[in-house]
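Residue-level structural notes
The lines below spell out each chain.
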Amino acid sequence: MGQGWIFGLVAILSLGACSTPGLHYQARNVAGVPDAAAYRTVSVGYFSGPEGDWYTSAFESMLLNADFDGGPWFIVHNPGAPRGTYGGRYSGHVDIIDVRVDEYTRSEKKCVEWDGLFDCEHRAEVLQACIDVDVDVSVTAKLVDIDDGAIIFQNAYHGRSDEHDCDDVKIISGKYAGKRKRGYGPFGHFHDRFGSPSGYLTHDLVQEALRETLSAIRLDIAPYNSNAKAPLLAEAIDPEVRADPRFAQAIAAAEEGDLDGGCRTWDVLLAAYPAAPGVRHNAGACAEAAGDLPRAQALYAEAVDGMAMFRRDGAAFDTLVAALNRISAVRNSDAQLSNLAGAAERGDNVLINPSLCPDCITLPLESPSMDESASKAAAGPL
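In short, a report on the structure. (Residues numbered from 1 in each chain as written. Predicted model: local features only at pLDDT ≥ 70, side-chain atom pairs only at ≥ 80, totals over all residues. Heavy atoms only, no water.)

As a further point, take the overall build of the chain. A count of helices and strands for the chain gives nine helices and 10 strands. At a minimum sequence separation of 6, the contacts of the chain that also span at least 24 residues come to 72%. With the model as given, the accessible surface of the chain reaches about 19100 Å², and the carbon-plus-sulfur share is 51%. (Helix = DSSP H or I, 4+ residues; strand = E, 2+ residues; numbered from the N terminus. Contact = heavy atoms within 4.5 Å. Areas by Shrake-Rupley, 256 points an atom, 1.4 Å probe, with all protein chains shown as cover.)

Below is the structure:
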């Protein structure tokens, strides 16, 4: 099995009137910035600016949760670890770019008198005071080589969050018209908040916007696994193959989850109809999903060449060409991942045995991560 792609044991065939059938499996993808991904033993310095302490901890947790092929990609050291024990250090700064506040009133019909649980006695129009707050943030992250101080990676990432809140002010219709909601002033609890937009910021609101940047950074600095699809042709192009019931049986087998049976059938059909482009293509999809990229590329190329005796346009031909173009990019990515794996074996910027790392950081339970919500900070203005 090739190293480039992992065959999904739970791969399925997706068929539908509005979608192209295909074999779904797990793919391996290179990082957006391969130079950064090569630094696998790292530390996290400080991110200055609003919520900098929180973001420093969140960034560290993101690194610790950056898994690839079922294992951690980074080994994270304490910043004070001895020189030479890690290759690079991340740091940066946080900026609040914009805060937009929209204050308005609206009326809404709701229950103002209850006779019992779920039993509304009287409904009326109620005046509400509302506030919408939108926050835009920016995080500039950089990676510096510890040995020579060179900046390996630096980029700015943007995040956004919003909050909507309305408060009842008074009843404006019905027998209780003019009555203010108990406990509120002229504009409810918003009365004391009117003023500078910065007065509407809360820790949660800013942290939510900052959290958006972590997933984008994650894709740039480490390889990642994702779902992929090797498209299939649901109908044979060659009339002789179309008349052979085994082609449809192979599609049905894959649809029922019997991928081995379906792919074995296409291999049998390939021996029977070696020049049929549809058979070649579907056999290539099986090879792609199984991780045999060279065979997949060869079969896709043969499928495109086999269209010379058929109409070289239309949806079927587009599917064949797209598959050939895609597999070329996949093999290029696979070569880059192999180079990174080779660097790890040579010991470039990575510690092979993390158990020999007494200063390494393990994930703090209270730290935010990509998969778990962070512990909420106390609400209140920044």
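This part covers the packing of aromatic side chains. Tallied over the entire structure, the rule returns eight aromatic pairs. For the ring pair Y55 and F59, a centre distance of 6.3 Å and an interplane angle of 45° mean the geometry is tilted. Here the residue Y55 and the residue F59 both occupy positions in helix α2 (residues 52–64), the gap between them amounting to four residues, near one helical turn. The pair formed by Y55 and F59 is uniform in burial state, with each residue classed as buried. Between the aromatic rings of Y90 and F153, the centroid separation amounts to 6.5 Å while the plane-to-plane angle is 70°, which identifies the pairing as edge-to-face. Linking Y90 in strand β7 (residues 88–116) with F153 in strand β9 (residues 151–171), this pair joins segments that are 63 residues apart in sequence. Here the two residues Y90 and F153 agree in accessibility, since each one is buried. Three or more aromatic residues joined by ring pairs form one cluster here, namely F47, W54, Y55, F59, Y90 and F153. The residue whose ring lies beneath R40 is W73, and the NZ or CZ to ring-centre distance is 3.6 Å. (Phe/Tyr/Trp six-rings, centres within 6.5 Å; stacked < 30°, edge-to-face > 60°. Buried < 20%, exposed > 50% of the residue type's maximum accessible area, 1.4 Å probe, protein only. Lys NZ or Arg CZ within 6 Å of the ring centre and 35° of its normal.)

Among the structural elements, S161 can be located in strand β9. At 2.6 Å, the side chain of S161 forms a polar contact with the backbone oxygen of L205. With residues near it in sequence (within four places) discarded, S161 still touches V133, D134, V135, L205, E208 and A209. (Polar contact = N/O pair within 3.5 Å; in protein donor to acceptor, adjacent residues only side chain to side chain.)

Throughout the structure, instances matching the rule amount to three disulfides. Here C111 pairs with C120 through a disulfide, and the sulfurs are 2.2 Å apart. A torsion of 110° about the S-S bond marks the disulfide between C111 and C120 as right-handed. Assessed through its relative accessible area of 28%, C120 is described here as partly exposed. Two residues share a disulfide in this structure: C263 and C286, whose sulfurs sit 2.0 Å from each other. Across the S-S bond linking C263 and C286, the dihedral sits near -85°, which makes this disulfide left-handed. On the criterion of sequence distance, the pair formed by C263 in helix α6 (residues 259–272) and C286 in helix α7 (residues 277–290) is long-range, its members being 23 residues apart. Each member of the pair, C263 together with C286, is buried. (Disulfide = S-S within 2.5 Å.)

This part is about the nonpolar core. Y55, F59, L63, F74, Y90 and I221 are the most contacted members of the largest nonpolar core, which has 44 residues in total. Sorting the residues of this core by element identifies α1 (34–37), β3 (41–48), α2, β7, β8 (119–145), β9, α3 (203–221) and α9 (315–346) as the ones contributing at least two each. Those residues in contact with I221, other than ones at most four positions away along the chain, are A31, A36, A37, M62, L63, W73, F74, Y90 and F153. In terms of nonpolar packing, the next biggest core, distinct from the first, is built from 32 residues, A236, L269, A323 and I327 among them. (Core = buried A, V, L, I, M, F, W, Y, C linked by side-chain atoms within 4.5 Å.)

Quick look at the environment of S48 now. Here S48 is to be found in strand β3. As a C-alpha pair, S48 and T140 span 92 residues in sequence and 9.9 Å in three-dimensional space. If we skip the residues at most four places from it in the chain, S48 touches G92, H93 and V94.

With that out of the way, let us pick up the packing of helix α5 (residues 245–255) against α6. Each pair of packed helices can be described by the angle between their axes along with the distance between the axes. Contact geometry of α5 with α6 gives a least axis separation of 7 Å together with a crossing angle of 160°. Comparing the axis directions of α5 and α6 gives the class roughly antiparallel. For the pair α5 and α6, the crossing hand works out as left-handed. Residues R246, F247, A250, I251, A253 and A254 of α5 form the contact with α6, whose participating residues are L259, G262, T265, W266, V268, L269 and A272. (Axes fitted to C-alpha atoms, helices over the stretch in contact; angles between N-to-C directions. Parallel < 35°, antiparallel > 145°, perpendicular 65-115°, else oblique. Left-handed = near helix turned anticlockwise from the far one by under 90°.)

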